[in-house]
Amino acid sequence: MGGCAGSPRRLSDSEGEETDPAPRPPLQDSQGAHWKNAVGFWLLGLCNNFSYVVMLSAAHDILSHQRTAGNQSHVDPDPTPTSHNSSSRFDCNPVSTAAVLLADILPTLIIKLLAPLGLHLLPYSPRVLTSGICAAGSFLLVAFSHSVTISLCGVVLASISSGLGEVTFLSLTAFYPRAVISCWSSGTGGAGLLGALSYLGLTQAGLSPQHTLLSMLGIPTLLLASYFLLLTSPGPQDPRGEEDSDTAARQPLINNEASESKPGSGSPLSLQERWTVFKGLLHYIVPLVLVYFAEYFINQGLFELLFFRNTFLTHAEQYRWYQMLYQAGVFASRSSLRCCPIRHTWVLALLQCLNLAFLLVDVWLSFLPSIYLIFLIIVFEGLLGGAAYVNTFHNIALETSDEHREFAMATACISDTLGISLSGLLALPLHDFLCQLT
């Protein structure tokens, strides 16, 4: 889990019971609760982003064939050239994979826009249940779909699940030690790697896309089990992780009805307070928007066009490898917070924009001689994106006050979604323009 959890603080000899008459839990119980929460948030990050990642990995397959009603065949892992624009040197699908990106991100954007307006005040458990049900529905709908339209509806369900889950779980971190933010981020990176790798591996092994998606139905179940059975119910504690041992080991959330409404709830923030907090977050929000705009413009706008004919990989296989290598970079950097914290996230935004410019020039001029150079650039792209995400939320947790932290987390998580949405909107016309070139 990339060192996402630290050890609870031990009391010094000078901290006697006379100065703190409250009974202290056994250290073993405190450590047990600490590790349950660390593992719980890692699994929540993994399960929450899994369906979102799988849909992006399957984007090329989803758009490769317009399937007719009643046809029992599903997405072909290696689409035939007849489904592509054969007059273009890019071997294009009729529709850009950015269409899948938009279906996978616009519902998330709407949910995150609603979060600062009060969505984060709703009870946690119903939101988690809704997220799990939507994730399961997305796998089922895409697996049994016979048209691109129905498949995109399944992608929308995955987006609702991911967006609602991210707002919910990032807000929930405000009531746990700060270390769980690193665990959550590492888990989301793990979702990218395992999601892309599992889809690539199972389809490469000969499993049909339908059966590949159906095999992933256990992920939503694991999400619900992690929240209701593994996490301990939050109580008043220092979000900076320095008072872990002062809080007794708590029972799982499913056994604590008090946590159903809003853990650690206080008086709602006024509009003026929310606006003040939002302005203070802009120096983190803007770089994260730029990072995600650049990387998803690459992923869903350029990956499909970075096509090498002189390799043993088919076009569909190249696209899946790009997605998997990107997610590997994301997982590595999202798990690196404890060994490599980054304060100035604008540097990551600058480097990601340079990545975009370089690959855009290569799409136009095709000057890179080998697909392996593209592989290296894509890993670097993933490293930048993952580092920007985890360090942004880590820095926000450090700088916001206790009463503002839940709102700040829910508000800042709109950054990546806004950048991704803008990239999808611009990638669609770029795809159409380049695919008309001979």
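Before going into details, it helps to say that this report is about the structure given with it. (Residues numbered from 1 in each chain as written. Predicted model: local features only at pLDDT ≥ 70, side-chain atom pairs only at ≥ 80, totals over all residues. Heavy atoms only, no water.)

1. Here's the deal with the environment of serine 415
On the secondary structure map, serine 415 appears in helix α14 (residues 414-435). Sequence separation between serine 415 and leucine 109 is 306 residues, and the spatial gap between their C-alpha atoms is 9.3 Å. Discounting chain neighbours no more than four positions away, the residues touching serine 415 are Ile285, Leu288 and Val289. (Helix = DSSP H or I, 4+ residues; strand = E, 2+ residues; numbered from the N terminus. Contact = heavy atoms within 4.5 Å.)

2. Notes on the nonpolar core
Most often, soluble globular proteins keep nonpolar side chains buried together rather than apart. Core analysis: the largest hydrophobic core is formed by 105 residues, its most contacted members being Phe41, Leu172, Tyr227, Leu302, Tyr322 and Phe393. When residues of this core are assigned to their parent elements, the largest contribution, 14 residues, is made by helix α9 (residues 271-302). Leaving out residues up to four positions away in the same chain, phenylalanine 41 has contacts with Phe169, Leu172, Thr173, Tyr176, Val180, Cys183, Trp184 and Leu231. (Core = buried A, V, L, I, M, F, W, Y, C linked by side-chain atoms within 4.5 Å. Buried < 20%, exposed > 50% of the residue type's maximum accessible area, 1.4 Å probe, protein only.)

3. Things to note about the packing of α9 against α14
Viewed as axis vectors pointing N to C, α9 and α14 meet at an angle of 35 degrees, and their least axial separation amounts to 7 Å. As α9 runs across α14, the sense of the crossing is right-handed. Taken together, the residues of α14 that come into contact with α9 (itself represented by Ile285, Leu288, Val289, Tyr292, Phe293, Tyr296, Phe297, Gln300, Gly301 and Leu302) are Ser415, Asp416, Leu418, Gly419, Ile420, Leu422, Ser423, Leu426, Ala427 and Leu430. Of the residues that constitute the contact of α9 with α14, the class distribution is 14 nonpolar, 5 polar and 1 charged. (Axes fitted to C-alpha atoms, helices over the stretch in contact; angles between N-to-C directions. Left-handed = near helix turned anticlockwise from the far one by under 90°. Nonpolar A, V, L, I, M, F, W, Y, C, P; charged D, E, K, R; others polar.)

4. Overview of the pattern of salt bridges
The full count for this structure, using the stated rule, is 4 salt bridges. A salt bridge links lysine 112 to glutamate 166, with the shortest nitrogen-to-oxygen separation between them at 2.4 Å. Note that lysine 112 is positioned in helix α3 (residues 98-114) and glutamate 166 in helix α5 (residues 148-172), a separation of 54 residues in sequence. Using a relative accessible area of 6% as the deciding quantity, one classes glutamate 166 as buried. Here arginine 405 ties to aspartate 402 by a salt bridge, and the two come within 2.9 Å at their closest N and O atoms. With a gap of 3 residues between them, arginine 405 and aspartate 402 both fall in helix α13 (residues 402-412), about one helical turn apart. You can call arginine 405 buried: its relative accessible area is 2%. One network of salt bridges, in which partners are shared, links Lys112, Glu166 and Asp416. (Salt bridge = Lys/Arg side-chain N within 4 Å of Asp/Glu carboxyl O.)

5. Considering the packing of aromatic side chains
Per the counting criterion, the structure on display carries 14 aromatic pairs. Note on tyrosine 372 and phenylalanine 375: the rings are 5.7 Å apart at their centroids and 85 degrees apart in plane angle, and the pair reads as edge-to-face. Residue tyrosine 372 and its partner phenylalanine 375 are located together in helix α12 (residues 371-399), separated by 3 residues, close to a single helical turn. For tyrosine 372, a relative accessible area of 49% gives the class partly exposed. The class of phenylalanine 375 is buried, set by a relative accessible area of 13%. Linked through ring pairs, Phe169, Trp184, Tyr227 and Phe228 together constitute an aromatic cluster. One cation-aromatic arrangement involves arginine 127 over tyrosine 124; the distance from NZ or CZ to the ring centre is 4.5 Å. For arginine 334, the ring lying beneath its charged end belongs to tyrosine 389, and the centroid distance is 3.8 Å. (Phe/Tyr/Trp six-rings, centres within 6.5 Å; stacked < 30°, edge-to-face > 60°. Lys NZ or Arg CZ within 6 Å of the ring centre and 35° of its normal.)

6. Structural notes on unusual backbone geometry
Most peptide bonds adopt trans geometry, and most residues besides glycine take a negative phi value. Of note in the backbone geometry, serine 366 takes a positive phi value of approximately 50 degrees without being a glycine. Within the secondary structure layout, serine 366 lies in the loop between α11 (346-365) and α12. Judged by its relative accessible area of 45%, serine 366 is partly exposed.

7. Thoughts on the environment of valine 379
Its place among the elements puts valine 379 in helix α12. As a C-alpha pair, valine 379 and tyrosine 326 span 53 residues in sequence and 5.1 Å in three-dimensional space. Non-local contacts of valine 379, meaning those with residues more than four positions away in its chain, are made with Leu325 and Gly329.

These figures come from the coordinates and say nothing about function on their own.
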